[in-house]
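The chain contents come next:
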Amino acid sequence: MNELKLEYLKLKKKTRSWLGPILVFWLIMLAFPLTVEFMQDKLEIGFFSVLWIAILISMMLATEDIFIEDYNDGSLEQTIIKNTSFQFLISIRIIVYWLMIGVPISILSFIFSLGTSEDLLLSISVIPLSIISSYIFLNLFALGSALSLNKGSLLGALITMPLALPVLIVLGKSIIAFQLGINYLEFILLLLGCLSIIIIAVPIIVSFIIKAHLE
Amino acid sequence: MDNITSVIAENISYKVNDNKLFHNLSFSLNTGESLHIKGPNGSGKSTLLRIILGITNPTKGSISINSTKDKCYLGHKNALKNYLSLDDNILLMEFDNHPCLKKYIEILDLKRYLDVNVANLSYGQQKKLGLLRLFLNSSDLIILDEPFVGLDKETQIILTDFLTDQLKENKTLIYTSHIECDIDSKTLLLK
Amino acid sequence: MIKKFIHQFASPKTYLYQVNRFYPYIFYSSLVIYIISLIWGLFFTPEDFVQGNSYRIIYLHVPASFLSQSLYLAMAVASVTYLVWRVKLAAYLIIAIAPIGAMTTFIALISGSIWGIPTWGTWWQWDARITSTLILFIMYLGLISLHNSFSNFEKADKLTSWLVIIGAVNIPIIKKSVDWWSTLHQSASITLTEKPTIDVLMLYPLIGSIIGFLGLITCLVLTSSKYQILIREKTKSWIRDYV
């Protein structure tokens with residue numbers, strides 16, 4: 001629990017790192033209606049694709065400095081020479097990022113979809129989807145930012161975007177499934193299944209990657 | 001005084017892109033001994049320290065360390081968060097309940113700055129804060145990379161005295177330094 | 001035991017000499033096979049009932065699409081070999097294959113587009129296979145740029161291997177999910193398990209062209225891996241004797 005507290009302390013003090021992605025999400029969602037003709041009913045058509053992509057992009061921005069700061073100031077070395085489990089620390093950090101960035105964004109996506117679709121049930125169905133998908137995206141982009149550590153986040157985004165595409169497809173399908181009233185729950189389970197694999201695999205792979213970077 | 005071997009290095013070689021940094025390096029250290037690694041810039045001193053720490057793998061050879069405790073390491077980077085105050089940094093190092101914390105804060109003259117952000121401290125003061133990691137260490141093996149750089153004469157003396165005391169407590173010390181210091185140690189010269 | 005075996009036979013030196021020995025045979029035989037299949041396919045097979053003559057681009061398109069994925073698989077095998085047994089040669093192969101894989105994928109995409117104009121009336125469709133091939137192309141480019149961003153070759157090899165393996169796990173997932181998303185492309189005409197859905201007269205030259213193309217691409221991979229070895233091992237004494 002102490003690790004959780006310390007990670008929270010660090011992220012809380014870096015306002016730019018947690019508020020930035022949330023604001024970017026907000027701005028994309030605000031920019032979207034401006035690009036469409038001013039008619040409420042048409043807005044709904046492209047809304048969800050913009051929503052998922054906004055989540056994707058804000059998660060990408062959130063992981064931009066998830067490891068690079070520790071790499072630059074020498075904390076990573078101090079961490080890996082300790083006997084504590086490095087994988088564990090990585091997963092704790094991702095959880096904190098998710099709680100501080102992913103969860104607020106999920107709540108915002110509920111509000112935005114309620115505002116756009118005026119359909120309460122549909123908007124509620126967006127919450128679990130965005131909560132799970134933001135966690136998956138965070139893990140994937142954490143992987144990308146570990147691979148491209150100190151080489152810029154652009155490279156990280158380029159190499160992890162293909163990993164995130166299947167998730168986008170599932171997200172798109174699940175909204176349609178909900179609207180048609182079929183197997184929405186199965187999609188949630190599918191996403192949860194992906195998540196459970198990713199939560200375990202990503203910290204392990206990231207720890208190997210970071211150790212390779214420090215060599 | 002019991003002298004047990006604490007570090008053994010056997011035939012260590014290291015290459016980057018097929019450029020040999022050092023070749024077939026061997027040494028051994030007992031507890032209570034110290035090793036001063038000397039050599040010109042780029043001779044691989046820091047790399048050797050990182051190999052001893054286990055961060056970098058040697059291309060050939062092996063190193064064995066006879067201790068299960070965490071190693072104490074201070075490198076060129078202080079591992080401080082410059083957007084946090086001194087207090088918070090001490091919290092991150094998990095020294096907030098250490099019995100000797102107060103004493104060393106006094107000695108290093110950091111008390112006035114406890115709620116100042118690290119970014120607003122001078123280089124020397126940041127270095128002093130980093131030294132807390134060393135002063136409050138609970139390990140058997142201390143590894144220092146240029147510990148004296150950026151410190152004033154007074155702090156250098158405190159540091160030297162501290163290290164001498166640690167050696168008396170049967171700890172092992174490995175360090176590099178271009179600044180002359182008065183620690184009784186073996187020497188390893190890298191070319 | 002296995003480790004010793006691999007290290008003995010996968011030394012860059014042995015590899016280089018073996019490659020030089022077999023290279024001409026592979027090159028000329030596959031060139032002959034490919035040219036024969038092309039002539040056969042282009043001039044001596046009947047027109048397709050639906051697609052007319054435009055289908056004849058399959059003698060380029062099908063081998064290229066087939067190899068674009070196989071090359072990635074080859075890289076994945078090399079990556080595992082490198083990470084598990086620390087075989088240097090495997091690392092050289094990864095980065096030797098990557099640009100050729102990207103090129104092959106690009107050929108598959110372009111030839112597919114050209115084929116698409118007369119067949120579907122458009123050069124691009126958001127169809128499952130095309131989309132996943134495009135993603136594959138981007139993945140190749142990502143790999144190459146990751147490898148190029150490091151000055152320490154060993155670090156670059158290690159990290160690129162990790163990315164290749166992650167990608168290899170991801171490719172089937174991408175394929176499945178994209179398939180699921182939409183499908184317009186005709187399904188594969190040749191699979192290992194089912195009877196081919198293509199006329200036998202077109203099938204033989206097609207198989208020939210795949211084999212020939214495979215041989216030619218293998219030669220490219222061999223050349224590029226030779227180049228990698230010469231760069232990376234340039235300080236070794238045997239290289240000086242070799243050059």
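A quick note: this is a predicted structure, and the numbers were derived from the prediction, not measured.

Focus on the interface of chain A and chain B
Facing 21 residues of chain A, the contacting portion of chain B comprises 23 residues. Each partner contributes to the roughly 2,100 Å² buried at the junction of chain A and chain B, and carbon and sulfur atoms together form 51% of this total. Where chain A touches chain B, the interface holds five salt bridges. Put simply, K81(B) and D70(A) hold a salt bridge, and the shortest N to O gap is 2.3 Å. For the pair chain A and chain B, the number of links is 15 residue pairs in polar contact (both at pLDDT 80 or more). Breaking the side of chain A that touches chain B down by element, the ones donating at least two residues are α1 (2-13), α4 (68-73) and α5 (75-81) of chain A. Partitioned by chemical class, the residues of the side of chain A that touches chain B number six nonpolar, six polar and nine charged.

Digging into the domain arrangement of chain B
Residues and elements named next belong to chain B. As assigned here, chain B comprises domain 1 (1-70 + 142-190) and domain 2 (79-138). Computed from C-alpha atoms alone, the centre-to-centre distance between domain 1 and domain 2 is 24 Å. The partner domain 2 presents 12 residues to the 16 residues of domain 1 that form the contact. Interface of domain 1 and domain 2: buried area, both sides summed, is about 1,000 Å²; carbon and sulfur atoms make up 70% of it. The interface formed by domain 1 and domain 2 includes zero salt bridges. Taken together, domain 1 and domain 2 are joined by three residue pairs in polar contact (both at pLDDT 80 or more). In terms of residues, the side of domain 1 that touches domain 2 owes the most to one element, helix α5 (residues 153-168), which gives six residues. When grouped by side-chain class, the residues that make up the side of domain 1 that touches domain 2 number nine nonpolar, three polar and four charged.

Here's the deal with a nonpolar patch on the surface
On the surface, a cluster of nonpolar side chains totalling about 1,000 Å² of accessible area is made up of I33(C), I35(C), I39(C), W40(C), L42(C), F43(C), F44(C), V200(C), Y204(C), I207(C) and I211(C). For I33(C), the position within the fold is in helix α2 (residues 12-43).

Some remarks on the pattern of salt bridges
All names here are of chain C. Applying the stated rule across the entire model yields 16 salt bridges over all chains. A salt bridge links D157 to R232, with the nearest nitrogen and oxygen atoms 2.4 Å apart. Linking D157 in helix α6 (residues 153-181) with R232 in helix α7 (residues 200-232), this pair joins segments that are 75 residues apart in sequence. You'll find D157 and R232 in the same group, each marked buried.

What about the side chain of S113(A)?
Along the chain, the position of S113(A) falls in helix α6 (residues 86-117). With residues up to four places along the chain from it excluded, the contact list for S113(A) reads F47(A), F48(A), E118(A), S123(A) and V126(A).

Details of the UniProt feature "transmembrane region" (unreviewed entry) in chain C
Residues and elements named next belong to chain C. The UniProt feature table records "transmembrane region" (unreviewed entry) at residues 22-44, 64-85, 92-117, 129-147, 159-175 and 202-222. The straight-line gap between the two end C-alpha atoms of residues 92-117 is 39 Å; of that span, 100% is helix and 0% is strand. The distance from the first to the last C-alpha atom of residues 202-222 is 30 Å, and the span holds 100% helix and 0% strand.

Here's the deal with empty space enclosed by the protein
Residues and elements named next belong to chain C. Scanning the entire structure with this criterion turns up four cavities of 30 Å³ or more. Looking at the lining of the largest cavity, the elements with two or more residues in it are α3 (58-85), α5 (128-148) and α6. Residue contributions to the lining of the largest cavity peak at five residues, all from α5. When its residues are assigned to classes, the lining of the largest cavity shows five nonpolar, four polar and one charged.

Thoughts on the sheet that holds strand β6 (residues 141-145) of chain B
Residue and element names in this part refer to chain B. The sheet built from five strands is open, its strands ordered β5-β6-β7-β3-β8 with parallel pairing. Looking at the sheet topology across the chains shown, the edges are occupied by β5 (72-74) and β8 (186-189). Averaged over all pairs of adjacent strands, the angle between strand axes in this sheet comes to 15°, irrespective of strand direction. Of the strand pairs in this sheet, strand β3 (residues 34-38) and strand β7 (residues 172-176) are connected by four bridges, and their pairing is parallel. Directly across from I37, in β7, lies its bridge partner T176. Contacting β5 and β6, helix α4 (residues 123-135) runs over the sheet at an angle of about 160° to β5.

Considering the packing of aromatic side chains
In this description, an aromatic ring pair is defined by two values, namely the gap between the centres and the angle between the planes. Inspection of the entire model under this criterion finds 17 aromatic pairs over all chains. Between Y104(B) and F135(B) the ring centres are 4.8 Å apart and the planes differ by 10°, which places this aromatic pair in the stacked class. Of this pair, Y104(B) sits in helix α3 (residues 101-107) while F135(B) sits in helix α4, and the two are 31 residues apart along the sequence. Between F27(C) and Y28(C), the ring centres sit 5.2 Å apart and the planes meet at 75°, which makes this aromatic pair edge-to-face. Exposure remark for Y28(C): the relative accessible area of 52% places this residue in the exposed category. Taken together through their ring pairs, the aromatic side chains of F32(A), F47(A), F48(A) and W52(A) make up a single cluster.

The rules behind the values
- Here the residue numbers are simple positions, counted from 1 along each chain's written sequence.
- Following the order in which they are written, the chains are lettered starting with A and the ligands numbered starting with 1.
- The predicted nature of this model means local features are confined to residues of pLDDT at least 70 and side-chain atom pairs, given and counted, to a pLDDT of 80 or more, with totals for whole chains, interfaces and linings taken over all residues.
- Only hydrogens and water are set aside; all other atoms, that is, all heavy atoms of the structure, feed into the side-chain values.
- Contacts were defined at the residue level, with two residues in contact if any of their heavy atoms lie within 4.5 Å.
- By convention, the term buried area covers the 1.4 Å-probe accessible surface removed from two parts as they join, with the contributions of both added.
- By definition here, a salt bridge exists when the distance from a side-chain nitrogen of Lys or Arg to a carboxyl oxygen of Asp or Glu is within 4 Å.
- Contacts described as polar in this section are N or O atom pairs within 3.5 Å, which, within protein, must combine one atom able to donate a hydrogen with one able to accept it, while residues neighboring in sequence count only if both atoms come from side chains.
- Helix numbering and strand numbering both begin at the N terminus, where a helix is a DSSP run of H or I of at least 4 residues and a strand a DSSP run of E of at least 2.
- Only Asp, Glu, Lys and Arg are considered charged, only Ala, Val, Leu, Ile, Met, Phe, Trp, Tyr, Cys and Pro nonpolar, and every remaining residue, Gly among them, polar.
- Bear in mind that the domain bounds are from an automatic or database domain assignment.
- Two joining distances apply to patches: 9 Å for like charges and 5 Å for nonpolar side chains (Val, Leu, Ile, Met, Phe, Trp, Tyr), and every residue must have over 30% relative accessible area and no salt bridge.
- Areas reported here follow the Shrake-Rupley algorithm with a probe of radius 1.4 Å; residue values treat only the protein chains shown as occluding.
- Burial here depends on accessible area, computed with a 1.4 Å probe over protein chains only, as a share of the maximum for the residue type. Under 20% is buried, over 50% is exposed, and the range in between is partly exposed.
- UniProt positions are given in the numbering used here, feature names are shortened, and annotations may be inferred rather than shown by experiment.
- Cavity: a set of points on a 1 Å grid over the protein atoms alone where a 1.4 Å probe fits but cannot get out. Pocket: an open set with protein on both sides within 12 Å along at least five of seven lines, its lining residues, like those of a cavity, having an atom within 4 Å of a point.
- Grid points are joined across faces, edges and corners, and a volume is the space filled by probe spheres set on the points.
- Two strands pair if DSSP finds at least two bridges between them.
- Angles here are taken between N-to-C directions and fall from 0 to 180 degrees, while the axes themselves are lines fitted to C-alpha atoms, restricted in helices to the stretch in contact.
- Think of it this way: a Phe, Tyr or Trp ring, Trp meaning its six-membered ring, pairs with another when their centres are within 6.5 Å, and the plane angle makes it stacked under 30 degrees, edge-to-face over 60, tilted otherwise.

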